[in-house]
Amino acid sequence: MTFNSFSFIIIFPLLFLLYYAIPARFGKGRNLFLLVVSYLLYMQWKPAYALVLMGVTVVTYLAALLLGQSRRPRLVLTLGVLLSLLPLLFFKYLNFLNEALSSLLSLAHLQFSLPGLNWAIPVGISFFTLQALGYLWDVYYKRQEVERDFLTYALFVSFFPSITSGPINKASLVIPQLKRLRPYFDYPKAVEGMRMLLWGLFMKVVVADRIAIYVDMVFSHYVNFTGMTCLVAIILFAIQIYADFAGYSLMALGVARVLGIDLTENFRRPFFATSVADLWRRWHISLFNWLKDYVYIPLGGSRCSTIRNYFNILVTFVVSGLWHGANWTYVIWGAMLGVFMCTEKAIGWQRCTGGPWVKLCRIVLTFGAFCAALIFFRMPTVMDGVGVYARIFDFSLPMSVYFDWVPNFPFTVMGITLLFLKDLRDEFFPQRFPLMLNAHAAVRWGTCLSLVVLILLTGVLDSDQFIYNQF
Amino acid sequence: MMDQAKGYRLMRSFIVKVAACLLALVVLDFVVGSALDYVSSHVTSGEAGRDNYISDSVAADLLIMGSSKAFRHYNAQMMTDSLGLSCFNCGEGACGILLAYARLQMIGERCHPKHIIYEVTPIYDYLIYDESQRALGRMKLHYGRIPAIDSLLWQVDATQSYKMWSRLYRHNSSCLMDLISLFKSSGQEGVRGFSPFEGTFDAMKVQKDAPLQYDRKMGYQYDSLKIKYFNKFLDLAQQQGSTVTMVVSPIWYGQDTLVLDIVKDICKQRSLPLLDFSNDPKYVHQDQYYSDGIHLNAFGADEFTRDLINELKRRGLQ
């Protein structure tokens with residue numbers, strides 16, 4: 001169930017009332033309630049796949065317990081990691097590995113392939129697997145205490161706001177909150193949560209889903225459109241994916257906060273980044289922190305030779321690409337970003353020095369680099385990605401841009417403008433022009449009510465899918 | 001216990017504020033929604049004006065109904081002049097049988113057409129297609145007018161019965177177009193509802209080596225709700241005393257005839273004529289008649305209308 005669905009709007013107030021009907025002193029009762037709700041919501045999709053979630057939870061829980069007692073902790077860790085990764089590899093990568101293997105063997109004129117798997121991937125598997133593995137590694141590296149209470153740990157892995165599309169939370173952030181006796185009701189947190197939920201919903205249904213109409217139309221038949229149209233579509237796709245995923249993350253954070261729990265911040269105005277390195281400190285922060293902690297640093301990080309450091313960066317980004325999907329397009333996307341990052345590091349561009357114009361140029365360049373790689377992220381096959389590039393750089397085509405005028409174009413412009421102004425204010429003038437946090441109640445209420453009216457009038461309200469659900 | 005009591009107070013305050021916010025929203029929804037209701041019902045130009053005219057005023061002997069292929073391919077003025085019947089084109093882009101049923105219900109409140117020509121477009125009339133919900137956009141504006149339309153909306157999406165409590169929601173996505181139309185000079189879009197694509201064939205908009213539209217290898221997935229309303233539409237036309245002719249207009253690609261089997265069966269059961277121009281060699285791959293791979297241009301539409309009129313005359317429709 002997604003946060004912008006009608007069912008969620010009906011169910012969430014009920015969950016809220018039932019949750020707070022449990023007195024604060026019964027902290028475990030509240031956790032048990034959240035665990036049951038999390039599993040029930042997860043099972044709404046495909047009940048049997050709750051077993052995968054439970055399996056990953058049990059394996060990592062037991063492995064972490066054994067780590068403290070075993071004389072061979074490395075072996076326990078390796079077994080725990082492999083067992084936890086098994087469902088992810090099976091559901092998400094089996095077909096990809098199978099195809100890659102048979103292609104490789106066909107080069108040697110050998111024919112071999114395993115039977116293909118035509119099953120749906122358990123929703124959120126990439127997110128909860130990484131979250132559970134992060135905990136296991138943290139226990140191994142002694143950065144996190146072993147959690148002996150299974151209820152608390154199971155809730156940490158399956159907590160419904162973040163299970164389908166993240167953020168990928170650190171155990172050190174969430175588990176203490178679940179164990180602590182939370183106050184009966186944290187008013188400021190709940191109000192802040194509602195605001196996040198509202199703005200996240202605006203980002204999703206007014207900005208992302210409106211842009212999606214244009215982007216999907218162009219990229220599903222890109223051969224019918226000019227290079228300029230493809231260029232505009234990829235720029236819009238960058239904004240779409242940001243509004244979609246950051247909007248979802250904000251809603252997840254908002255829902256959790258209304259229930260009194262803080263989750264990891266996932267986006268921090270990424271399109272104001274002045275370098276690719278800066279971008280990844282602002283975009284899908286929880287994933288890139290995870291990759292940094294459990295891939296990049298174990299590989300040697302930056303405390304090694306320059307060449308080895310570049311290799312580590314490339315591997316980290318390729319893993320990030322593979323995490324997004326079992327397709328060569330994602331591998332190329334990751335590799336391109338890795339190359340951009342290495343290039344930036346080689347020419348010393350990671351630190352931004354200079355005046356506002358230099359900063360502006362670097363923001364534009366960084367955004368351009370991000371969009372360039374994003375073409376492969378968006379297109380279903382490598383050939384399609386190459387095809388889009390070919391159209392963009394085919395200067396014999398007319399330099400015209402197709403616009404879908406009414407109602408999509410004005411609504412898209414309005415949504416993007418409001419999103420840009422909000423991010424601009426948050427980035428450069430955080431203390432000025434407060435609207436949702438204004439001292440005057442009339443301004444605060446007026447802003448919130450205007451947002452609801454805009455959502456009802458201009459939002460795409462029949463879309464029920466988030467881009468990152470598929471990962 | 002102190003914390004608990006304080007928590008209860010805070011919770012009460014939170015719930016009261018959320019309730020107050022909801023109340024303010026209900027008032028706002030009513031005020032702004034009513035203003036938009038007024039605007040949308042008084043628009044006389046553009047697409048919204050055309051929709052209002054079809055719903056509230058159209059009275060013709062012969063109606064053309066169906067998707068954009070109906071809207072763009074049938075020259076209603078030419079048909080009026082040649083057949084001696086007043087004709088109006090009620091086709092609508094990206095819509096099919098669901099909107100046609102709703103419109104026939106509304107038109108039937110005032111008058112009953114003698115004949116209906118229905119342009120068959122498989123994706124909008126009986127195949128499963130994600131975009132089919134678009135047809136609901138304009139229907140939402142007529143919510144509460146005829147029980148049959150309300151029931152149709154609920155069947156497409158059960159949650160619509162709750163969503164329709166919001167007057168603002170009924171104007172979702174259409175409000176801007178209605179406001180723009182309000183300030184335009186009045187005048188119907190097209191002539192007798194017909195608005196062809198001007199200009200010549202845009203080769204960029206077709207894949208020249210594409211075989212047929214609806215290749216049978218793709219397999220067809222039927223939408224039971226659309227099929228149900230396809231039959232209800234024909235029942236309603238019969239009740240109103242209208243004769244129905246099914247037509248498939250030309251398509252640049254040509255069309256796999258297998259996709260029409262279900263329509264052929266329905267027509268056979270009900271003894272309705274089906275005129276299929278989709279594989280007419282006069283039109284298949286003939287660039288001069290088309291605007292894109294699916295739609296005829298103005299020249300092609302006139303040529304097709306002439307051929308259709310001849311066929312209808314041959315079959316005795318006067």
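Please read all numbers here as calculations on a predicted model, not as lab measurements.

**Observations regarding the interface of chain B and chain A**
At the junction of the two partners, chain B supplies 34 residues and chain A supplies 34 residues. In total, about 3000 Å² of surface goes out of reach between chain B and chain A, with carbon and sulfur atoms giving 76% of it. Summed over the shared surface of chain B and chain A, the result is zero salt bridges. On inspection of chain B and its partner chain A, the count reaches five residue pairs in polar contact (both at pLDDT 80 or more). Of the residues in the side of chain B that touches chain A, the class split is 20 nonpolar, 10 polar and four charged.

**Quick word on the sheet that holds strand 3 (residues 115-119) of chain B**
All names here are of chain B. The strand order 2-1-3-4-5 describes an open sheet built from five strands, whose pairing is parallel. Because the sheet does not close on itself, it has two edges, and the strands there are strand 2 (87-89) and strand 5 (274-276). Strand-to-strand twist of the sheet, defined as the mean angle between neighbouring strand axes without regard to direction, takes the value 20 degrees. Bridge count between strand 3 and strand 4 (residues 243-248): five bridges; the pairing is parallel. Across the sheet, residue Glu-119 finds its bridge partner in strand 4, namely Val-247. Packing against the sheet, helix 5 (residues 97-108) makes contact with strand 1 (62-65) and strand 3, and its axis sits at approximately 155 degrees to strand 1.

**Side note on the domain arrangement of chain A**
All names here are of chain A. Here chain A is partitioned into domain 1 (25-181) and domain 2 (188-458). Each of domain 1 and domain 2 was reduced to a C-alpha centroid, and the two centroids are 27 Å apart. At the interface, 30 residues of domain 1 touch 28 residues of domain 2. Here domain 1 and domain 2 share an interface that buries about 2400 Å² over both sides, 69% of which is from carbon and sulfur atoms. Counting the surface domain 1 buries against domain 2, the share from its top three residues, Phe-96, Pro-167 and Ile-168, is 24%. Across the pair Asp-293 and Lys-170 runs a salt bridge, and its minimum N-O distance is 2.9 Å. Where domain 1 meets domain 2, there are 13 residue pairs in polar contact (both at pLDDT 80 or more).

Calculation notes
- Residues numbered from 1 in each chain as written.
- Chains lettered and ligands numbered in written order.
- Predicted model: local features only at pLDDT ≥ 70, side-chain atom pairs only at ≥ 80, totals over all residues.
- Heavy atoms only, no water.
- Contact = heavy atoms within 4.5 Å.
- Buried area = accessible area lost by both parts, 1.4 Å probe.
- Salt bridge = Lys/Arg side-chain N within 4 Å of Asp/Glu carboxyl O.
- Polar contact = N/O pair within 3.5 Å; in protein donor to acceptor, adjacent residues only side chain to side chain.
- Nonpolar A, V, L, I, M, F, W, Y, C, P; charged D, E, K, R; others polar.
- Pairing = 2+ DSSP bridges.
- Helix = DSSP H or I, 4+ residues; strand = E, 2+ residues; numbered from the N terminus.
- Axes fitted to C-alpha atoms, helices over the stretch in contact; angles between N-to-C directions.
- Domains from an automatic or database assignment.

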